[in-house]
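# Observations on the model geometry
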Amino acid sequence: MTDGPRPLRMLRMSEQPFPRRRTPAAVTALLAALVFPAALPAPVARAAAAAADPADEDGFERSIVRIVDFSQRGDWSTPWEVSGVRTSSGSGFVIPGDLILTNAHVVSDARMLLLYLHGDPTPHKARAVILGHDCDLALVRPEEPGLLDGLPALELGGLPALRSTVETYGYPAGGDQISSTRGVVSRIEIHVYTHSGVDQHIVVQTDAAINPGNSGGPVVQGGRVVGVAFQGASDLENTGYAIPVEVIRHFLDDARDGHYDGYPDLAIQDSNLLNPAARRRAGLADDETGVRVEFITPGGSSEGQLEVGDVLLAVDGRPIASDGSISEAGLRFDFGLLVDRHQIGESVSVRMLRNGERRTIDIPLRLHPDLETHANLYDRMPRYFIFGGLVFVPLDNEMLKTYGRDWVSAADRRLIYEHLYRPLIDPPAPGYEPVVLLRRLDHPVNINIAWYRNQLVTAVNGRAIGGLKDLITAIETSTDRWLVLDLGEPGRFIVVDRAAAAAAGPGILSQYGVPEDRNP
Amino acid sequence: MRAAAAAAVFSLMLPAAAHAAPRRPLESAVVGLGVTYQGWDQDRPWVKRPPQFRQALAVVVDGPLLLTTAQMVADATLLEAEKLGLATRVPARIVRIDPQIDLALVTVDAPGFFDGLVPSRLAAALPTDGSVTSVRWKSRQLEVSTSRVSRVEVQASALRSVEHLFLLATTDMQGGGWSEPVFAGDRLVGLTVSQEEQQARVLPAEIIAGFLAMARAPGEYAGFAELGFRWQVNEDPALAAYLGMSGAPRGVLVTTVARGGSGCGVLHERDILMTLDGHDIDASGYYDHPRYGLIRFTNIPSEGHRAGEALPAEVWRDGRRVRIDLTLRPARSEADLVPDRRPDNLPAYAVLGGFVFRELDGPYLRSWGNDWRKVAPLQLQVWTWLFADDASPDRRRVIVLSSVLPHAYNLGYHSVSDLIVRTINGRPVDTISAVIEAFAHPEGGYHRIGLLPGGPLTEVILDVATFAEANTEIGAGYRVTERLRGEAPLPDLGPACSSVAP
């Protein structure tokens, strides 16, 4: 929360309930990942690999590649289906280990990846070996051994200074010639990473032209990589964002064991303690600062460690200001930056004030437990279960996106409440996932059911439903003649003739071209 | 309804000669109404918005009185009547208003005003085909347009608590929907309450007749009745069989029964309502109306009935038919947890510590504009959609911390807006009166405001020692002319349905 004049009445970030590092779709809609929708395959008639470009004084342009992703996504509105093939193009660059670093969104949902080396029209097959969707970074390895031999691995630099000049390299607009642009670092801040839609990490903002196709390309200063270009702001001019080295190193360190675990999170909400009365009541001394813990996500790192009402005074020995910021490199950032510097499994040191007592505790860090339900999902098929032509899915961000880009305003309010508010107001047990009757595959056995679109299913024959697998068990172990499904609206229910629906099931699947009745 | 109660003293007796008039031109049947009106600023509810003016039309009815729609005289600060052909306007006043059904009766005290005016007679039934005539006051002349009857349909009333017939007509009139009288021959068919493109929605003579009869009846205005329960279709043979019904499904399934509503205590969840007032209800919720064919059964409580009457009904319950009587209860939108429209009430609010507290209601949400469903704060919308009719004796209204008037006193909270208040100083607050009372009981030198999770914070702490001083400074600095306005008396909710003997 920040002070300032009352904003215009718009759907603002603070009006939606997201824990720290959670971001509403309304904000991410303004940002755009920078892959280029490559309608045509790569050019086929060109000269052989070019010799070193005399303009490429540092010689690193040869190490910047174009990546074409032929992708298919699951379709969450017909969860057994996949989309048509989408072709998009981005950039990447060689790093040590015969690997190419790029954005996760450049290589997500890939059916096939092709690499084009600088000045070489030959496509080379590759595969993504590590994807970090929460930091929008990925490692790609060519399938041909030795393909990257002779190409210099680019070196990582540090955080560029504000107002300093940087150059971006890549293949914007799908062109096969490398392009570079120059600009200044206009801001360094914590910002939304639109690929996951919920993560916020440090970014470098530059006015160097960053366009679709630049995604994954290096941002360079003094011959060293200081960032990876990854997103732009569609409503602002000359605003491009790069992932700084701090985040790149965190990703590479995490991936070192061949497996990516992701960013840890305290999974709390906090509020400022700027008001003198609030500071006094919290027990802060005149020279102390900190923030108040407002909410603790069940199953998250802070459960059992922090309590609502605790005042966080410092993280890893760094004092937290009463607006939640810490000082870093002459700038101020949200204290979450310090948590971001840890890996999952490590502990963060938190000094806090509780009931007048100051203490320091080490909090072992985990993933945020709501990531799967609130983030954009990639490289997987939707989960579902079909019984008697009734299609059940878990309630998550992808399900809600079936309402369209403006799902926040368009989706059924019961589902919005269940997804965004109930977890804060009446937190369910960890592991609970709401289940939705998504749709009906019309058949005489189900055609007269009154409610069959986007209905929350709360119970089957009186048994409360805690998730998709729970629903499957409740249906498949029932021996009752009727399956009575209680829906989210008070008093609303539907009844299924269990034997008739089971008997009709295979025919319905066949008729609608559904290969499996489930992907639980 | 306060206006309705206050108006009960006026005579609504029929004059003896009212029906003696022969066929007459439309000019003697209608009167122009000039309405100066002024609503409240929903963000700063101590301020009125700039006054505005609307021109409406009223039709002369027996009394003689002037009939128009309630929305035309809403928020009126000055009401004037104008006879066709005369350049002068004379003051008029409301004698009866029913915002629920959207009708108002107006009179003029100026001697001789009704001379030459002839009351219109109401059509006994709505035309189901052919043409009707719509009349509008424009540039001090009557504009007459022809409309083609499309259909008769059951829809929700203006305040959405009553369902009744509407006549839908395709009209040539541009920009109608402003209480234009609609005639079939010399009979009044209804008043237009809205128009979308060329489709006019006409409040029909049958509802007008009911309104006039109740307005003329001695004693308190009874009002139209609400159905009082939610229902779903019973088209699924599996569901009907599960409830023990054999043969083809029929009737509708009762899903929830509203506290204090017509079904309270006699209808149960999972009853199947088979008949109402002698009409068989089909599995889709329709019945065979003697004049209009298949229409939705929700019309029945307003079809010649009024609140207080008992309608015989049959329900399918526990595998057999059970006969019950449904006593019709008046529609009470004001009893809702989140009232959709507030025709009678000034917004209740309190400005304390620079925080503007108010009731969550439809007018506040609509202050975000026509697309409020997209742009109004999600938290407020969710509450409105999900819990609007969940009022209970210990939760009458939803209190919103709508905005902050920034001051050093409330530093740290300046960007707070539109959060739902749960408690103040540990006391649950569900009315502005409760807010004011709770601030009288600080805890240990602090005021503590507990907010519903979902926003940027859940607790606000304020200093008690400087509270009064801050109130004075903030009130003066932001020109808050009145820091408090309490709520109107809240309607009785009645006992919980489970405790009402059938």
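Numbering of residues starts from 1 in each chain and follows the order in which that chain's sequence is written. To label them, take the chains in the order written and letter them from A, then take the ligands in the order written and number them from 1. Local features in this predicted model are restricted to residues of pLDDT 70 or higher, and side-chain atom pairs are both shown and tallied only at a pLDDT of 80 or more, whereas totals for entire chains, interfaces and linings draw on every residue. With hydrogens and water stripped out, all remaining heavy atoms of the structure feed into the side-chain values.

## Examining the overall build of chain B
Only DSSP runs of H or I covering at least 4 residues are called helices, and only runs of E covering at least 2 are called strands; the numbering of each starts at the N terminus. Per the secondary structure count, chain B includes eight helices and 31 strands. Values of the radius of gyration come from C-alpha atoms, whereas the globule rule sets the reference at 2.2 Å times the count of residues to the power 0.38. Relative to the globule expectation of 23 Å for 502 residues, the C-alpha radius of gyration of chain B, 25 Å, shows essentially globular dimensions. The principal-axis extent of the C-alpha atoms belonging to chain B is close to 75 × 70 × 40 Å. Accessibility here uses a 1.4 Å probe with only protein chains present; expressed as a share of the type maximum, an area under 20% marks a residue as buried, one over 50% as exposed, and anything in between as partly exposed. When each of the 502 residues of chain B is scored for burial, the buried share is 57%. Here the open area of atoms and residues is found with the Shrake-Rupley method and a 1.4 Å probe, where only the protein chains shown may cover a residue. Counting every atom, chain B has about 20000 Å² of accessible surface; 52% of that belongs to carbon and sulfur. Computed over 49 positive and 57 negative side-chain charges, the separation of the two mean positions in chain B equals 2 Å. Residues scored as positive are Lys and Arg, those scored as negative are Asp and Glu, and His as well as the terminal groups of each chain are ignored. In plain terms, the charge of a residue is placed at NZ if it is Lys, CZ if Arg, CG if Asp and CD if Glu.

## Some thoughts on the nonpolar core
Definition of nonpolar core: a set of buried residues of the types Ala, Val, Leu, Ile, Met, Phe, Trp, Tyr and Cys, connected through side-chain atoms within 4.5 Å. Core analysis: the largest hydrophobic core is formed by 63 residues, its most contacted members being Leu101(A), Leu137(A), Leu139(A), Phe251(A), Leu306(A) and Leu312(A). Whether two residues are in contact is decided by their heavy atoms: any pair within 4.5 Å suffices. Setting aside its immediate chain neighbours within four residues, Leu306(A) contacts Ile268(A), Val293(A), Ile296(A), Leu312(A), Met352(A), Arg354(A), Ile361(A) and Ile363(A). Membership of the second largest hydrophobic core comes to 47 residues, among which are Leu415(A), Ala504(A), Val338(B) and Leu380(B).

## Thoughts on the interface of chain A and chain B
In this assembly, 52 residues from chain A lie in contact with 58 residues from chain B. For the pair chain A and chain B, the summed buried surface comes to about 4600 Å²; carbon and sulfur atoms form 56% of the total. Each salt bridge in this description consists of a side-chain nitrogen of Lys or Arg and a carboxyl oxygen of Asp or Glu lying within 4 Å of one another. Run the count over chain A and chain B and you get five salt bridges. Linking Arg292(A) and Glu459(B) is a salt bridge whose minimum nitrogen-to-oxygen distance equals 3.2 Å. Residues adjacent in sequence count toward polar contacts only when both atoms are side-chain atoms; beyond that, a polar contact is any pair of N or O atoms within 3.5 Å, and within protein one must be able to donate a hydrogen and the other to accept it. Where chain A touches chain B, the interface holds 14 residue pairs in polar contact (both at pLDDT 80 or more). The nonpolar class holds Ala, Val, Leu, Ile, Met, Phe, Trp, Tyr, Cys and Pro. Asp, Glu, Lys and Arg form the charged class, and all remaining residues, Gly among them, are polar. Split by residue class, the side of chain A that touches chain B holds 24 nonpolar, eleven polar and 17 charged. Two parts placed together each lose some accessible area under a 1.4 Å probe, and the buried area is that loss summed for both.

## Re the confidence of the model for chain B
Residue and element names in this part refer to chain B. Considering every residue of chain B, the mean pLDDT works out to 90; 94% of them sit at 70 or more. pLDDT is a per-residue confidence score from the predictor, ranging from 0 to 100. A low-confidence stretch, residues 1-23 (pLDDT under 50), is modelled with 31 contacts involving residues beyond four sequence positions or located in other chains. Across the predicted assembly, pTM comes out at 0.89 and ipTM at 0.88.

## Observations concerning the sheet that holds strand β4 (residues 99-102) of chain A
Residues and elements named next belong to chain A. By definition, two strands form a pair when at least two bridges between them are found by DSSP. If you walk around this closed barrel you meet the six strands as β2-β3-β4-β7-β6-β5, and the pairing is antiparallel. Across the sheet, the axes of successive neighbouring strands diverge by a mean angle of 40 degrees, strand direction being ignored. Two elements, strand β2 (residues 64-71) and strand β5 (residues 110-116), share six bridges in a ladder whose sense is antiparallel. Bridging from a neighbouring strand, Arg66 pairs with Tyr116 of β5. Here an angle of 0 to 180 degrees is reported between the N-to-C directions of two axes, which are lines fitted to C-alpha atoms, with helices fitted over the stretch in contact. Together, β3 (86-95), β4, β6 (124-132) and β7 (137-142) form the strand contacts of helix α3 (residues 245-255), whose direction differs from that of β7 by roughly 55 degrees.

## Some details on unusual backbone geometry
Residues and elements named next belong to chain B. The linkage connecting Gly63 with the following residue, Pro64, adopts the cis geometry, with an omega of -10 degrees. Structurally, Pro64 is set in the loop between β2 (52-61) and β3 (65-68). At Arg160, a position not held by glycine, the phi torsion is positive, near 75 degrees. Within the secondary structure layout, Arg160 lies in the loop between β9 (141-156) and β10 (163-171).

## Describing the state of the cysteines
All names here are of chain B. The disulfide definition used here is simple: a pair of cysteine sulfur atoms within 2.5 Å. With the rule as written, the count across this model stands at one disulfide over all chains. Here Cys264 is linked by a disulfide to Cys497, with a sulfur-sulfur distance of 2.2 Å. The sign of the S-S torsion, about -120 degrees, decides the handedness of the disulfide formed by Cys264 and Cys497: left-handed. Here Cys264, found in the loop between β16 (252-257) and β17 (272-276), pairs with Cys497, found in the segment after β31 (484-485); they are 233 residues apart in sequence, far enough to count as distant. Looking at Cys264, the relative accessible area reads 4%, which means it is buried.

## Description of the packing of aromatic side chains
All names here are of chain A. Only rings of Phe, Tyr and Trp enter the pairing, Trp through its six-membered ring, and a pair is recorded when the two centres are within 6.5 Å. The plane angle decides the type: under 30 degrees is stacked, over 60 is edge-to-face, the rest tilted. Under the defined criterion, the tally for this structure stands at 23 aromatic pairs over all chains. A centroid spacing of 4.6 Å and a plane angle of 45 degrees characterise the contact between Tyr193 and Phe230, whose relative ring orientation is tilted. One end of the pair, Tyr193, is in strand β9 (residues 179-193); the other, Phe230, is in strand β12 (residues 224-233), and 37 residues separate them in sequence. Per residue, the accessibility class of Tyr193 equals that of Phe230, and both read buried. Seen from the ring of Tyr452, Arg440 lies directly overhead, with NZ or CZ sitting 3.6 Å from the centre. Criterion for a charge above a ring: Arg CZ or Lys NZ at most 6 Å from the ring centre, at most 35 degrees from the ring normal.

## Focus: the pattern of salt bridges
A full pass over the atoms with the stated rule returns 50 salt bridges over all chains. With its nearest N and O atoms 3.0 Å apart, the salt bridge here joins Asp253(A) to Arg256(A). Among the salt bridges present, the one from Glu398(A) reaches Lys401(A), with a minimum N-O distance of 3.1 Å. Judged by relative accessible area, which is 3%, Glu398(A) ranks as buried. With a relative accessible area of 30%, Lys401(A) lands in the partly exposed category. Here the salt bridges share partners, and the residues they tie into one network are Arg281(A), Arg292(A), Glu294(A), Glu443(B), Arg448(B) and Glu459(B).

## Overview of the pairing of strand β13 (residues 240-244) of chain A
Successive residues of a regular strand alternate their side chains across the two faces of the sheet. Residues and elements named next belong to chain A. With five of its five residues buried, β13 lies for the most part within the structure. In terms of strand pairing, strand β10 (residues 199-206) meets β13 through three bridges, oriented antiparallel. Considered in β13, the bridge of Val204 is made with Ala242. Where β12 meets β13, five bridges bridge the pair, whose relative direction is antiparallel. By the bridge assignment for β13, Ala229 is matched with Ala242. Linking two consecutive strands that pair antiparallel, namely β12 and β13, is a turn of six residues; a positive phi of about 50 degrees is found at Asn238 within it.

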